[in-house]
Structure formats: C-alpha cells, structure tokens
Amino acid sequence: MRPAILAALTILLALAALLLPLPLVEAAPTEHHIDLDARMFAFAPERVQVNWGDTVHITLRSEDVAHGVYVDGYGVNIVAEPGKPAEASFVAYQRGKFRFRCSVTCGALHPFMIGELVVGPNLPFWRAGVALLVVAVGTMMTLGARREGDRKGTPLRDT
Ligand SMILES: [Cu+2]
C-alpha cells in the first residue's frame, strides 16, 4: 500500500476510535448492594466498581471504632458505630473515578483510610488507548512502506 493511503487510513481509524458513538450497547442499569467493612485504617472492599446509571446501596459496618464514609463527587456521607451499621443509596450518575474516605477522625492513619469508586466504563481512557495504538501501528507501517519504496528506487510520490 502506498504510504499516503496508509497514513490516511491511520488518521481515519484514530479519529474513529476517538469519536465513534460508543458504546453501541450500554448495559442496563442494575442495583448493587455493597457491604463496606470499615476498620482502622482501611475499607473492605477498597475498590467498588459499578456502571453509569446503576443504583448503589452501601451498608457501612464498623469493626472497631466509629468510622464514616464520604464519597467524593456524590456528597454521600454516612457514619457507622460498631454494631450500628449505616446505609446510603445513590445513583451513579457521574462517570469516572471517585475517592471515598473515612469521615470520622478515627486515629493516626485516618487520612489514609481511603477507597475508590469507579463508575465505568471509562470511555475516554479506552478511546485514547485505542487511538494511540492505531497511530503507532499506522506510523510503523507507513514508514515501512516508505523504506520499501526507497529500496526499490521508486520515487516517493504520494499519488
Ligand atoms: Cu476511620
């Protein structure tokens, strides 16, 4: 294939990866019941993964002292004392990664008591990755085609 055609194909594919309206099929919203256990100084699970539009029900249980959970970007804040679970529900209406952190000063390492809420799919990230791959492969193929052209002694004409 001629280098110009390869280059044009590369650009087209990269643009497609960035701009095509995906996902063509989005998973139907579901409900998640998350049992979040808190103890000094960690949450279990540390990472909660849901999809955009899902309803999330969190039950926070503390195993030692009073802990809270505050979800960045969602404004959810609940506090659980040992033996007294707390609940909150919210709809994951924003995509991306959000920290959740303990909202009760519970000890020396309290500031490090954090977890992560992932509301996916994280399309911009995947799009950028695919576009990068397409550009990389396309560039290599284009350069390869050019070198082949050099070897044959043919002029480097684009049309
Ligand atoms: Cu805590």
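One structure accompanies this document, and this report is about it. (Residues numbered from 1 in each chain as written. Predicted model: local features only at pLDDT ≥ 70, side-chain atom pairs only at ≥ 80, totals over all residues.)

**Regarding the overall build of the chain**
Now for step 1: Summing up its helical and strand segments, the chain has two helices and nine strands in all.
Now for step 2: The order of helices and strands in the chain, counted from the N terminus, is α-β-β-β-β-β-β-β-β-β-α.
Now for step 3: Burial status across the chain gives 15% buried among its 159 residues. (Helix = DSSP H or I, 4+ residues; strand = E, 2+ residues; numbered from the N terminus. Buried ≥ 20, exposed ≤ 12 C-beta atoms within 10 Å, placed from the backbone.)

**Details of the sheet that holds strand β8 (residues 96–101)**
Now for step 1: Pairing is mixed in the open sheet, where five strands are placed in the order β3-β9-β8-β5-β6. At either end of the open sheet lies a strand with only one pairing partner, and these are β3 (47–51) and β6 (76–80). Adjacent strand axes in the sheet meet at a mean angle of 20° when their direction is disregarded. (Pairing = 2+ DSSP bridges. Axes fitted to C-alpha atoms, helices over the stretch in contact; angles between N-to-C directions.)

**So, the nonpolar core**
Now for step 1: Among the nonpolar cores identified, the biggest contains 17 residues, and L36, A38, I58, L60, V69 and L117 are the most heavily contacted of them.
Now for step 2: Of all elements in the fold, only β1 (31–39), β4 (55–62), β5 (67–71) and β9 (114–120) reach the threshold of two or more residues within this core.
Now for step 3: Not counting residues within four places of it along the chain, the set of residues in contact with L36 comprises F43, I58, T59, L60 and V69. (Core = buried A, V, L, I, M, F, W, Y, C linked by C-beta atoms within 7 Å. Contact = placed C-beta atoms within 7 Å.)

**Points about the pairing of β9**
Along any regular strand, the residues point their side chains to alternate faces of the sheet.
Now for step 1: On β9, burial follows the alternation: G115, L117 and V119 on one face are buried, whereas I114, E116, V118 and G120 on the facing-out side are not.
Now for step 2: Note that β3 and β9 share five bridges and pair parallel. The residue bridging N51 from the neighbouring strand is G120, located in β9.
Now for step 3: For β8 and β9, the ladder comprises six bridges, and the chain directions are antiparallel. The partner of F98 across the bridge, within β9, is L117.

**Thoughts on the environment of I78**
Now for step 1: By secondary structure assignment, the location of I78 is in strand β6.
Now for step 2: Judged by C-beta crowding, with 18 C-beta atoms within 10 Å, I78 ranks as partly exposed.
Now for step 3: The spacing of I78 and V104 is 26 residues in sequence and 9.6 Å in space, taken between C-alpha atoms.
Now for step 4: Discounting chain neighbours no more than four positions away, the residues touching I78 are L60, G68, V69, A86, E87 and A88.

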